[in-house]
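Coordinate analysis (summary)
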Amino acid sequence: MRKTLLWVACLTIFIAGCTRKESSVIRIKGSDTEVNLVQRLAEGFMEKNPKLSIAVTGGGSGVGISALINSETDIANSSRLMKEEELKKAKENGINPIATVFGLDRLAIIINSSLMIGSLTIETLGKIYRGEITNYKELGGADLAIILYGRTSASGTYLYFRETAVKGDYSPNMKQMIGTSQIVEAVKRDPGGIGYVGIGYLKSAEGIKEIKIAKDKDSPYISPLEKGYPLERKLYQYTNGEPSSNIASFISFELSEEGQRIVAEEGFYPVQ
Amino acid sequence: MKKIKEWFGFFLLKASAILILGIVVLLLLFIGIQGAKVINLEFLFSFPKEGMTSGGIFPAVFGTVALTLITTFFSIPFGIGAAIYLSEYAKEGRLVSFIRASIRNLAGVPSIVYGLFGVALFVQSLNLGASILASGLTLGLLTLPWVIAVSEEAIKSVPKSFREGALALGATKWQTTRLVLRYATPGILTGAILGLSRAAGETAPILFTGVCFWLPKLPGSIFDQFMALPYHLYILSTQHYDLEKVRPIAFGTAFVLVSFVFGLNLIALIIRTRLRKDYG
Amino acid sequence: MRRLKEKAIHLILFLTAISSVFLILGIFALLLTEGLKTFRDVSVMSFLFGIRWNPEAYGQPSYGILSMVFSTFLVTSCAIIIAGPLGVAVAAYISEGAPHKARDIIKGAIEILAGIPSVAIGFVGIVLVGPLITKVFGISGLSGLNGGILLAIMALPTIISVSEDSLRAVPKSYKEASFALGASKWETLTKTVLPAAFSGICAGVVLGIGRAIGETMTVLMVTGNSLSIPKSIFDPLRTMTATIALELGEVAKGTTHYYAIFGIGAILFIISLATNLIAEHISIKMRVKVE
């Protein structure tokens, strides 16, 4: 008898748990470049709105976008615009993606700090990442093999960097890291390492240095910490339709003065 | 000459054994020493703060405990049911040996394949979404073959005389089985707990079925996403923006995860030894 | 009434048992139906034997899995080269050489090893094994070698326990006969016991291989995940399991990429099934021989 009661109790709790209540949870998923920033923004937002709850998941821009398409998230963080086939897929599923820009990011190119390379053009960078230049001596440096570090194809940074700099397929020898911070860690340890990371990741890193980049041969070399850096991009958040209620108030918090201060604190750039 | 060879041969064997012991001790000490530095009640019972660089890991602990409970909820009834059938009811034949072969092979299916299956079936087709329920179901399937195997062994270890005695007294098959079950309970429990400890440490099957990078609140229903210890360790060691800074927390998480798994194993061990004493 | 209840119970129990069959068939069917859809856009040859895996390509996407299949076998071989001899030696020690107390301690340690979650082992790979490899070999720690070492650790418990079982199963009379002929303890072990248990040990190693091939988290965390065909174990590489873990989250349902990932899953499933069946076949043959 006691056992039966126990089972009934379990079942009741279980069924109670099953009732899907109108959720006060905002689900956010996507870009690893944005995940830490958005988590800080969420912390700031919830201090003011303790009743609301925000769940943040990383995985890459592609992960967020496909979750939005499959209605598995409320906001998709993306460090790139949606691809046409993704937009088509979204339409088929009755999703209407609207993008909001809530910050700016500059993609820094980092190398091990023992290397004597200080600046590169985007064209040379492309050659390096396409695997056409494989040794630092071709760049006027020491005789040392170039070890490429990058992200997996789930990453918006992977696609952004490919479209703007590589303009071709990445060399298959590129090591594909799960998270951007792994690139920082690896380049720090690898004397021949080169990698691309969102500027937020430079904040606390030692043992690596950023390279000045020029748009082409005739343009000036600019550090990612200065204005006019050629590898600047927008940080997007996609919602299904215009954001409403809780989601809208979170996004307007992000764009508020306080939200943008957090953006700057995390090493990104506020939207003007 | 022959003696030297003899001595050297056994020396090599002994050295291998010592090497393995060394590896295990090194692993445990490495995680234990670094992890113990950050473990305290606050670490266990507070939320991560300031972009996970400080604070605790409570939601991950809670998520893992809740997930293992949900896993049990699904794998135990099915597992024990199957074990009872195989040991008490089944007549050996083609069908039964096919069932057994299926169970053995299920135990060998890679966990990431269960993850794929879980995504396609629970998250998408059954539309449960990425949730603690979908993850629990996926892990339930994964642990099923283990629960069946250990439970069946436990039931089989009950002496035959029990059954014969009960049947002779005119009990029905089911009444007899219930009697047998009562004596096999500790063994079945051991199996269940071992299955749980396996579920608690798995990462690959939950990656896409509901685990989450960061949650400010505990999951309120089984349709919510959750944080879990193994996944937390995974992101703290590969994806956080400041890997050096969160390394102590990663060690702490590893320590809690390993202790949790061993805690479950220890409970199973205690039950097993007590069982041996009782029937030994 | 009573008989009805008995029958109902019988039926329910039967259904729970048969559900395992449905489960394994279901998994296979699902992987196969989704995986086979890859071939609507990709030819079988270019899927199985294509070198480049580049589903999100700049130009033409390619779906060749050969380099990751090769990578999987490379790390697995590395793991087995380490874990095979080591595991068998330990099994021989526990079953033939060790005093009781030592045996209990080693067996306990192996059980502990088997229980450590793979993600924790991967973590140790990142913070301990990786830097060590860099120091010793002067190469990046994120390489096939790191994965091989960690997989060896993970395959050891399987190899040891199965090998030990089969060493134990060798009839005492074999040993007695060997001793009676004047053989030493070492000669008995190497010339009589090990050969008699050989197929059982093989079964253990095959199961260890299956375990290593299916392992995801450790290799994902430490092998560097680059897509080219590794020239040696010192190169970074990406296994089949790691590819699924890395890419499953990003793909939209119904794309060729999505189906191709299920295709990889189907191949993994078939490999795991095959290793299990081979191991079983070997140990059945052994039982027959001993009896």
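Okay, so let's go over this structure. Every residue gets a number counted from 1 within its own chain, in the order that chain's sequence is written. Here every chain gets a letter starting at A, and every ligand a number starting at 1, in the order they are written. Predicted model: local features are reported for residues with pLDDT of at least 70 only, side-chain atom pairs are reported and counted for 80 or more only, and whole-chain, interface and lining totals are derived from all residues. Values reported for side chains reflect all heavy atoms of the structure, with hydrogen atoms and water molecules removed beforehand.

1. Considerations on the interface of chain A and chain C
Worth spelling out the cut-off: Contacts between residues were defined by any pair of non-hydrogen atoms, one from each residue, lying within 4.5 Å. Note on terms: buried area is the combined drop in 1.4 Å-probe accessible area of two parts once they are placed together, counting the loss on both. The salt bridge criterion pairs a side-chain nitrogen of Lys or Arg with a carboxyl oxygen of Asp or Glu, the two atoms within 4 Å. Residues adjacent in sequence count toward polar contacts only when both atoms are side-chain atoms; beyond that, a polar contact is any pair of N or O atoms within 3.5 Å, and within protein one must be able to donate a hydrogen and the other to accept it. The secondary structure listing takes helices from DSSP runs of H or I that are at least 4 residues long and strands from runs of E that are at least 2 residues long, numbered from the N terminus.
Each partner contributes to the interface: chain A provides 27 residues, whereas chain C provides 26 residues. A per-residue breakdown of the area chain A buries against chain C is headed by Pro 172, Lys 175 and Gln 176 of chain A, which together make up 23% of the total. Taken together, chain A and chain C are joined by one salt bridge. Where Glu 56 of chain C meets Lys 83 of chain A, a salt bridge forms, and the shortest distance between an N and an O atom there is 2.6 Å. One can count 12 residue pairs in polar contact (both at pLDDT 80 or more) joining chain A with chain C. Secondary structure elements with two or more residues in the side of chain A that touches chain C: helix 3 (61-69), helix 6 (156-166), strand 7 (175-177) and helix 7 (180-189) of chain A.

2. Side note on a nonpolar patch on the surface
Residue and element names in this part refer to chain B. Spelled out, the test is: The patches described consist of residues with a relative accessible area above 30% and no salt bridge, like charges being joined within 9 Å and nonpolar side chains (Val, Leu, Ile, Met, Phe, Trp, Tyr) within 5 Å. The Shrake-Rupley method, run with a 1.4 Å probe sphere, supplies the accessible areas, and residue values consider only the shown protein chains as cover. For the exposure calls, accessible area comes from a 1.4 Å probe over protein chains only, and a residue counts as buried if that area is under 20% of its type's maximum, exposed if over 50%, partly exposed in between.
There is a patch of nonpolar side chains on the surface, built from Trp 7, Phe 8, Phe 11 and Leu 12 and spanning about 460 Å² of accessible area. With respect to the secondary-structure elements, Phe 11 resides in helix 1 (residues 2-38). Given a relative accessible area of 41%, Phe 11 falls into the partly exposed group.

3. Some words on the pairing of strand 3 (residues 75-78) of chain A
Residue and element names in this part refer to chain A. Selection criterion: DSSP bridges decide pairing: two strands pair if at least two such bridges lie between them.
In strand 3, alternate side chains face the same way, and those of Ile 75 and Asn 77 on one face and Ala 76 and Ser 78 on the other are all buried. Direction of pairing for strand 1 (residues 25-30) relative to strand 3: parallel, over a ladder of three bridges. If you follow Lys 29 over to strand 3, its bridge partner there is Ala 76. In this structure, strand 3 lies alongside strand 11 (residues 232-240), joined through four bridges in antiparallel fashion. By the bridge assignment, Ile 75 is partnered in strand 11 with Thr 239.

4. Quick notes on the interface of chain C and chain B
Convention followed: Charged means Asp, Glu, Lys or Arg here, nonpolar means Ala, Val, Leu, Ile, Met, Phe, Trp, Tyr, Cys or Pro, and polar covers whatever is left, Gly included.
Counting from both sides, the interface comprises 73 residues of chain C and, opposite them, 71 residues of chain B. Taking both partners together, chain C and chain B bury about 6,600 Å²; carbon and sulfur atoms supply 80% of that area. Of all residues in chain C, the largest losses of buried area upon contact with chain B belong to Leu 13, Phe 123 and Trp 186 of chain C, amounting jointly to 10% of the total for that side. Across the salt bridge formed by Glu 280 of chain C and Arg 104 of chain B, the nearest N and O atoms sit 2.6 Å from each other. Viewed at the interface, chain B and chain C are joined by 10 residue pairs in polar contact (both at pLDDT 80 or more). Ranked by residue count, the leading element in the side of chain C that touches chain B is helix 1 (residues 2-36) of chain C, at 19 residues. For the side of chain C that touches chain B, a count of residues per class yields 49 nonpolar, 16 polar and eight charged.

5. Quick word on the environment of Ile 111 of chain A
Residue and element names in this part refer to chain A. For Ile 111, the position within the fold is in strand 4 (residues 97-112). Judged by its relative accessible area of 0%, Ile 111 falls in the buried class. With 79 residues separating them along the chain, Ile 111 and Asp 190 place their C-alpha atoms 8.9 Å apart.

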